[in-house]
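Residue strings, one per chain:
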Amino acid sequence: VQLQASGGGSVQAGGSLRLSCAASGLTFSSYDMGWFRQAPGKEREFVAAISWTGGGTYDADSVKGRFTISRDNAKSTVYLQMNSLKPEDTAVYYCAARWRSYSTSYKYEDDYNYWGQGTLVTVSS
């Protein structure tokens, strides 16, 4: 199984970036997908998740109204559209896959089966 995150980079505050995570080696449509991030010196935290059906999305309070998660099962890819970026969004962003569940508690890292390598997002003021 491989999760390949991409799309990170450097942007000024107020700007936008779109992260992608391409999955291979698993039945993508059977997995909930999540994005987490880890800022320098901080613990990794939940950002957003989307259910295996695509019918439910969940966001951390810190990104509500600014970030949007989506998925394309035909391309085995999950996206994170990030708008109105702030310096505090600076972090390494990781995608993760969790075997399909009806649980809406997406924030627990231990529930995820596979992780990508991370992509760095830097937001300057």
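Refer to the structure presented above.
Figured I'd write up the structure that's included with this text. (Residues numbered from 1 in each chain as written. Predicted model: local features only at pLDDT ≥ 70, side-chain atom pairs only at ≥ 80, totals over all residues. Heavy atoms only, no water.)

Here a disulfide denotes one covalent bond, and it connects the sulfur atoms of two cysteines. Evaluated as defined, the whole model comprises one disulfide. Here cysteine 21 is linked by a disulfide to cysteine 95, with a sulfur-sulfur distance of 2.1 Å. Where cysteine 21 bonds to cysteine 95 through sulfur, the torsion about that S-S bond is close to 60 degrees, and the disulfide is right-handed. You can see cysteine 21 sitting in strand 3 (residues 17–24) and its partner cysteine 95 sitting in strand 9 (residues 91–99), a full 74 residues away along the chain. Residue classification places cysteine 21 among the buried positions, given a relative accessible area of 0%. (Disulfide = S-S within 2.5 Å. Helix = DSSP H or I, 4+ residues; strand = E, 2+ residues; numbered from the N terminus. Buried < 20%, exposed > 50% of the residue type's maximum accessible area, 1.4 Å probe, protein only.)

Attention shifts here to the nonpolar core. Met33, Trp35, Leu80, Met82 and Tyr93 are the most contacted members of the largest nonpolar core, which has 36 residues in total. Looking at this core, the elements that each hand over two or more residues are strand 1 (2–6), strand 3, strand 4 (31–38), strand 5 (45–50), strand 7 (67–72), strand 8 (77–82), strand 9 and strand 11 (119–124). (Core = buried A, V, L, I, M, F, W, Y, C linked by side-chain atoms within 4.5 Å.)

Time to look at the packing of aromatic side chains. Inspection of every chain in the model, using the stated rule, returns seven aromatic pairs. Three or more aromatic residues link up through ring pairs in this structure, and these residues are Phe36, Phe46, Tyr112 and Trp115. One Lys or Arg, arginine 44, reaches over the ring of tryptophan 115 and ends 3.9 Å from the middle of that ring. The ring of tyrosine 112 is capped by arginine 98, whose NZ or CZ atom sits 6.0 Å from the centre of that ring. (Phe/Tyr/Trp six-rings, centres within 6.5 Å; stacked < 30°, edge-to-face > 60°. Lys NZ or Arg CZ within 6 Å of the ring centre and 35° of its normal.)

Sheet topology places strand 1 next to strand 3; five bridges connect them, and they run antiparallel. Bridging across to strand 3, serine 6 finds its partner in serine 20. Where strand 3 and strand 8 come together, six bridges link them in antiparallel fashion. Counted as the bridge partner of leucine 19 is leucine 80 from strand 8. (Pairing = 2+ DSSP bridges.)

Note that serine 30 resides in the loop between strand 3 and strand 4. The exposure class of serine 30 is buried, given its relative accessible area of 9%. For serine 30, the residues in contact, after removing those within four places along its chain, are Trp52, Arg98, Trp99 and Arg100. (Contact = heavy atoms within 4.5 Å.)

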